[in-house]
Amino acid sequence: MTFKHSIQTAYKGLEANRSRSLLTILGIVIGVAAIILVMSLGEGAQNLILGQIQGMGSKTIIVVPGREPKGPADAAQVLSDSLKERDLDALKRKENVPTLKTIMPLVFGGDSSSHENETYRLTIFGATPLIETIFDLPVEQGSYFTEEDVRGRTSVVVIGTKVKKELFGDSEALGEKIKIKGRSFRIVGILPEKGQVSFFNFDEAAIVPYTTAQDYIFGIKYFHRIIVESEDEGTIARTVDDITATIRETHDITIADKDDFFVETQADLASRLSTITSILTAFLAAVAAISLVVGGIGIMNIMLVSVTERTKEIGLRKALGATYSDILTQFLLEAVMLTGIGGIVGILTGASLAFIISLVLTNVLALSWSFSFPVSAAILGLGVSGLIGLVFGIYPARTAAKKSPIEALRHE
Amino acid sequence: MPLIEVKELTKVYDDGVVKTPVLHGVSFSIEKGEFVAIMGPSGSGKSTLLHLLGFLDDYTDGSYNFSGQDAKSYTGDEVAHIRNKKLGFIFQSFNLLSHATVLENVRLPLLYSNIPESEWDTLALKAIDSVGLSHRTSFDSAQLSGGERQRVAIARALVCSPEVIFADEPTGNLDSKSGGAVIEILQKLNEELGHTIILITHETYTAEHAKRIIRIKDGLIESDTQVSSPHHTNGGILIK
Ligand SMILES: Nc1ncnc2c1ncn2[C@@H]1O[C@H](COP(=O)(O)OP(=O)(O)O)[C@@H](O)[C@H]1O
Ligand SMILES: [Mg+2]
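What counts and what doesn't
Residues numbered from 1 in each chain as written. Chains lettered and ligands numbered in written order. Predicted model: local features only at pLDDT ≥ 70, side-chain atom pairs only at ≥ 80, totals over all residues. Heavy atoms only, no water. Near = heavy atom within 4 Å. Polar contact = N/O pair within 3.5 Å; in protein donor to acceptor, adjacent residues only side chain to side chain. Areas by Shrake-Rupley, 256 points an atom, 1.4 Å probe, with all protein chains shown as cover. Helix = DSSP H or I, 4+ residues; strand = E, 2+ residues; numbered from the N terminus. Nonpolar A, V, L, I, M, F, W, Y, C, P; charged D, E, K, R; others polar. Expected span 1.5 Å × (residues − 1). Buried < 20%, exposed > 50% of the residue type's maximum accessible area, 1.4 Å probe, protein only. Contact = heavy atoms within 4.5 Å. Salt bridge = Lys/Arg side-chain N within 4 Å of Asp/Glu carboxyl O. Phe/Tyr/Trp six-rings, centres within 6.5 Å; stacked < 30°, edge-to-face > 60°. Axes fitted to C-alpha atoms, helices over the stretch in contact; angles between N-to-C directions. Parallel < 35°, antiparallel > 145°, perpendicular 65-115°, else oblique. Left-handed = near helix turned anticlockwise from the far one by under 90°. Pairing = 2+ DSSP bridges. Buried area = accessible area lost by both parts, 1.4 Å probe. Domains from an automatic or database assignment. Right-handed = clockwise from strand over helix to strand, strands pointing away.

1. Regarding the site of ligand 1
Argument step 1. All residues adjacent to ligand 1 are A:Arg410, B:Tyr13, B:Thr20, B:Val22, B:Pro41, B:Ser42, B:Gly43, B:Ser44, B:Gly45, B:Lys46, B:Ser47 and B:Thr48.
Argument step 2. Residues within reach of ligand 1 are spread across chains A and B.
Argument step 3. Within the side chain of A:Arg410, an N or O atom sits 2.7 Å from a nitrogen atom of ligand 1.
Argument step 4. B:Gly43 has a polar backbone atom sitting 2.7 Å from an oxygen atom of ligand 1.
Argument step 5. Protein chains shield 64% of the accessible area of ligand 1, which is 560 Å² for the free molecule.
Argument step 6. Ranked by residues supplied to the shell around ligand 1, first place goes to helix 1 (residues 46-53) of chain B with three residues.
Argument step 7. Residues that form the shell around ligand 1 fall into these classes: three nonpolar, seven polar and two charged.

2. A look at helix 5 (residues 146-158) of chain B
Argument step 1. Along its 13 residues, helix 5 of chain B runs 18 Å from first to last C-alpha, staying within 8% of the 18 Å computed at 1.5 Å per residue.
Argument step 2. Most of helix 5 of chain B sits inside the fold, with eleven of its 13 residues counted as buried.
Argument step 3. The complete set of buried residues in helix 5 of chain B reads B:Gly147, B:Glu148, B:Gln150, B:Arg151, B:Val152, B:Ala153, B:Ile154, B:Ala155, B:Arg156, B:Ala157 and B:Leu158.
Argument step 4. Close packing links the buried residues of helix 5 of chain B with helix 10 (311-319) of chain A together with strand 6 (87-90), helix 3 (102-111), helix 4 (120-130), strand 7 (164-168) and helix 6 (176-193) of chain B.

3. What about the pattern of salt bridges?
Argument step 1. For the structure on display, the rule yields 20 salt bridges over all chains.
Argument step 2. The closest approach of N and O atoms between A:Lys12 and B:Glu104, which form a salt bridge, is 3.9 Å. With A:Lys12 in helix 1 (residues 3-16) and B:Glu104 in helix 3, the pair connects residues from two separate chains.
Argument step 3. In this structure, A:Asp259 engages A:Arg248 in a salt bridge whose closest nitrogen and oxygen atoms are separated by 2.9 Å. In this pair, A:Asp259 sits in the loop between helix 8 (236-250) and strand 12 (261-265) while A:Arg248 sits in helix 8, placing the two residues eleven residues apart along the sequence.
Argument step 4. Among the residues examined, A:Asp259 registers a relative accessible area of 12% and is labelled buried.
Argument step 5. Residue A:Arg248 is classed as partly exposed on the basis of its relative accessible area of 24%.
Argument step 6. Within the structure, one salt-bridge network assembled from shared partners comprises A:Arg310, A:Glu313, A:Arg317 and A:Glu334.

4. Focus: the packing of aromatic side chains
Argument step 1. Taken as a whole and judged by the stated rule, the model has twelve aromatic pairs over all chains.
Argument step 2. Where A:Phe125 meets A:Phe202, the ring centres are 4.9 Å apart and the plane angle is 35°; that geometry is what we call tilted. You can see A:Phe125 sitting in strand 3 (residues 118-127) and its partner A:Phe202 sitting in the loop between strand 9 (200-201) and strand 10 (205-209), a full 77 residues away along the chain.
Argument step 3. On the numbers, 6.0 Å between centres and 70° between planes, the contact of B:Phe55 with B:Tyr74 is edge-to-face.

5. What to know about the packing of helix 10 of chain A against helix 12 (residues 375-402) of chain A
Residues and elements named next belong to chain A.
Argument step 1. Running from N to C, helix 10 and helix 12 cross one another at 45°; their axes reach a closest spacing of 9 Å. The angle between helix 10 and helix 12 places the two elements in the oblique class. Relative to helix 12, the crossing made by helix 10 is right-handed. In this structure, helix 10 contributes Thr311, Ile314 and Lys318 to the contact, and helix 12 contributes Ala397, Ala400, Ala401 and Lys402.

6. Considering the sheet that holds strand 2 (residues 19-30) of chain B
Residue and element names in this part refer to chain B.
Argument step 1. The strand order across the open sheet formed by four strands is 2-1-4-5, and the pairing between neighbours is antiparallel. The open sheet has two edge strands with one neighbour each: strand 2 and strand 5 (69-70).
Argument step 2. In terms of strand pairing, strand 1 (residues 4-14) meets strand 4 (residues 61-66) through five bridges, oriented antiparallel. Across the sheet, residue Val6 finds its bridge partner in strand 4, namely Tyr64.

7. As for helix 1 of chain A
Argument step 1. Taking 1.5 Å of rise per residue, 14 residues should cover 20 Å, and helix 1 of chain A covers 20 Å from first to last C-alpha, within 8% of that figure.
Argument step 2. Listed in full, the buried residues belonging to helix 1 of chain A are A:His5, A:Ser6, A:Thr9, A:Ala10, A:Gly13 and A:Leu14.

8. Considerations on the sheet that holds strand 8 (residues 196-200) of chain B
Neighbouring strands of a sheet are bound in pairs by backbone hydrogen bonds; such pairs are parallel or else antiparallel.
All names here are of chain B.
Argument step 1. On the basis of which strands lie adjacent, the open sheet formed by six strands has the order 6-7-8-3-9-10 and mixed pairing. Of all the strands in the sheet, the pair left with one neighbour each is strand 6 and strand 10 (220-226). Each neighbouring strand pair of the sheet contributes to a mean axis angle of 15°, computed without reference to strand direction.
Argument step 2. In this structure, strand 3 (residues 35-39) lies alongside strand 9 (residues 212-217), joined through four bridges in parallel fashion. Across the sheet, Met39 pairs through a bridge with Arg215, a residue of strand 9.
Argument step 3. Across the face of the sheet, helix 1 comes into contact with strand 3, strand 6, strand 7, strand 8 and strand 9 while running at roughly 155° to strand 7.
Argument step 4. Docked against the sheet, helix 6 engages strand 3, strand 6, strand 7 and strand 8, running at close to 150° with respect to strand 8.

9. Things to note about the interface of chain B and chain A
Argument step 1. Across the boundary between the two partners, chain B contributes 22 residues, which contact 23 residues of chain A.
Argument step 2. For the chain B and chain A pair, buried surface summed over both sides reaches about 2,000 Å², with 62% attributable to carbon and sulfur atoms.
Argument step 3. Across the salt bridge formed by A:Lys4 and B:Glu117, the nearest N and O atoms sit 3.0 Å from each other.
Argument step 4. For the interface between chain B and chain A, the tally reads eight residue pairs in polar contact (both at pLDDT 80 or more).
Argument step 5. Across the side of chain B that touches chain A, the residue classes break down as twelve nonpolar, four polar and six charged.

10. Regarding the pairing of strand 6 of chain B
Residue and element names in this part refer to chain B.
Argument step 1. Burial along strand 6 is two-sided: the residues Leu87 and Phe89 and Gly88 and Ile90 are all buried.
Argument step 2. Bridge analysis of strand 6 against strand 7 gives four bridges, and the strand direction is parallel. Across the sheet, Gly88 pairs through a bridge with Ile165, a residue of strand 7.

11. Some remarks on the environment of A:Leu328
Residues and elements named next belong to chain A.
Argument step 1. Looking at the secondary structure, you find Leu328 in helix 11 (residues 324-363).
Argument step 2. Here the alpha-carbon distance between Leu328 and Gln8, two residues 320 residues apart in the chain, equals 14 Å.
Argument step 3. Setting aside residues no more than four positions away along its own chain, Leu328 makes contact with Ile394, Ala397 and Arg398.

12. Some points on the domain arrangement of chain A
Interfaces are often described in size by the accessible area the parts lose on coming together.
Argument step 1. Taken domain by domain, chain A consists of domain 1 (3-52 + 271-410) and domain 2 (81-259).
Argument step 2. Using C-alpha coordinates to define each centre, domain 1 of chain A is positioned 54 Å away from domain 2 of chain A.

13. A closer look at the pairing of strand 7 of chain B
All names here are of chain B.
Argument step 1. Among the five residues that make up strand 7, five are buried, leaving the element largely enclosed by the rest of the structure.
Argument step 2. With burial as the criterion, each face of strand 7 is covered, one bearing Val164, Phe166 and Asp168 and the other bearing Ile165 and Ala167.
Argument step 3. Sheet topology places strand 7 next to strand 8; five bridges connect them, and they run parallel. Its bridge partner being in strand 8, Asp168 is matched across the sheet by Ile200.
Argument step 4. In this view, the connection linking strand 7 to its parallel neighbour strand 8 by way of helix 6 has right-handed handedness.

What follows is the structure in structure tokens.
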């Protein structure tokens with residue numbers, strides 16, 4: 001039989017058994033679509049989490065007050081007031097940390113703000129103008145406050161878009177005043193819409209000089225973080241060592257166990273998060289594997305039943321002169337067509353669903369989610385369901401084709 | 001050289017649990033151009049014998065020479081070729097592809113032949129015409145009456161111009177008028193076109209359209225006689 005006629009025969013075979021063909025395709029579609037969907041969402045979640053880290057440069061080092069939490073029972077906040085102005089001064093000295101490029105203290109907390117009759121609960125960051133480069137946060141209107149403002153404890157503020165919208169609606173906000181803790185702050189800059197950056201949502205934030213925040217808003221003399229940028233990635237380890245040594249010296253600490261601060265690098269954070277994301281990925285892969293097995297069993301059943309039911313047809317074809325390989329080719333091609341169609345529809349369905357979900361996540365939940373197409377999952381899904389389709393499409397056909405035509409024809 | 005020659009042919013069905021001996025050693029030969037009727041009571045082994053002769057099943061013991069060659073010496077593909085090109089089989093239960101038209105059913109053996117595709121439709125239409133079904137060519141086989149289905153099966157058996165046509169009680173499921181038409185076609189194929197015909201029937205009148213009658217009983221040949229003057233139906237009906 002020519003290949004052209006093999007294809008025609010296979011196609012007619014599928015058409016003659018239309019409902020079973022559709023069921024098989026459906027089984028494959030569900031298996032493949034489930035895997036694509038699950039893996040695409042998994043990749044999206046990973047990218048979302050990793051994107052958070054990348055919001056801050058890889059050369060960033062964060063000094064955190066308190067003892068480094070080693071387990072859930074540790075009271076990490078016990079020594080939370082340990083980082084003070086003198087630590088900042090010591091770190092700034094070139095001879096202490098020669099590889100330090102920039103340094104910025106950070107204080108933060110929630111408080112309410114008001115303008116005329118509108119009030120809004122925002123997150124207040126006390127920082128220096130360096131926050132612009134460290135968090136990659138340029139202003140959209142106006143400008144940042146200056147080092148001068150930091151020294152003079154000026155009451156000026158840069159606000160996020162959400163703050164602006166809630167307090168001012170569509171009217172002009174730049175140059176206007178908002179009240180925080182009973183004190184008037186003049187708006188000098190407005191941030192563009194940014195979404196989540198490094199787990200902070202700057203859309204809901206107000207940035208003020210850290211001195212102002214310490215004295216007039218939080219009433220504290222310490223910092224919540226000190227953020228340092230190393231000269232380049234190669235000097236991170238050295239910078240961390242110098243920072244640790246410098247602060248220990250200022251705090252008169254001789255044994256590491258007594259440290260009342262700890263130093264985190266973006267690399268630490270990334271590795272900690274990658275543990276989380278790899279657990280997530282393993283979990284999703286397990287879910288995907290289960291859906292593939294379930295889909296596979298479905299395909300297996302339908303294929304076994306539908307091909308076995310056609311034993312009589314196989315007997316007839318043999319009686320009319322079909323060779324063993326004619327029969328095998330026909331059922332192989334039928335299985336290839338079924339799994340091919342099912343696989344393509346499955347990929348399209350899974351990818352479309354994942355895409356729709358990514359649209360919902362970005363537009364409705366305002367996550368910086370990006371749709372990704374998991375090529376490996378597509379190959380895996382296609383491969384496994386295709387293989388199952390082929391094996392269970394051909395195996396019963398092979399058994400039937402080996403029988404004598406009469407034996408096959410007698411099959412009901 | 002006889003076209004078909006069997007010696008001490010036996011068949012034992014064996015489903016792995018029970019062995020059912022059906023043919024206990026039959027011997028005969030059939031020359032090219034003969035029209036043989038095989039008769040015998042139900043269960044005597046007629047169909048079994050026809051399946052063995054038609055390469056549709058394997059015999060247990062004895063020998064079967066087809067065209068002078070031992071049947072066991074043919075390879076799988078050669079057997080497929082013989083079934084396709086040299087033998088035509090008409091089953092009592094028609095065995096048409098359901099979801100296919102008359103034309104598609106008759107074309108089916110051509111698909112497995114080495115006849116070029118350009119001739120398929122001509123050959124199929126000619127075969128359909130010879131059984132008087134030209135007006136049903138594009139009908140689905142499920143839309144046909146029993147007699148028409150059996151005629152489609154005959155057309156399918158004819159389409160590759162086989163040397164031998166086997167017919168297993170082709171009139172068994174038909175009324176006497178349709179049955180008469182089927183026998184008339186077979187007789188014409190034998191007398192006018194020289195096909196060898198081997199027909200199973202349990203009706204003496206039908207059998208007497210053949211030139212020779214082999215009677216089987218309990219898996220053995222009971223008698224083998226020539227018919228002095230075969231009946232001719234000529235559009236008439238089979239009288240039972
Ligand atoms: N596949 C089979 N397995 C076991 N016994 C069978 C099988 N096919 C037929 N038989 C038995 O062989 C005997 C002859 O059957 P068959 O050749 O169909 O008889 P006939 O066509 O003369 O009525 C019957 O007893 C039948 O039950
Ligand atoms: Mg019978």
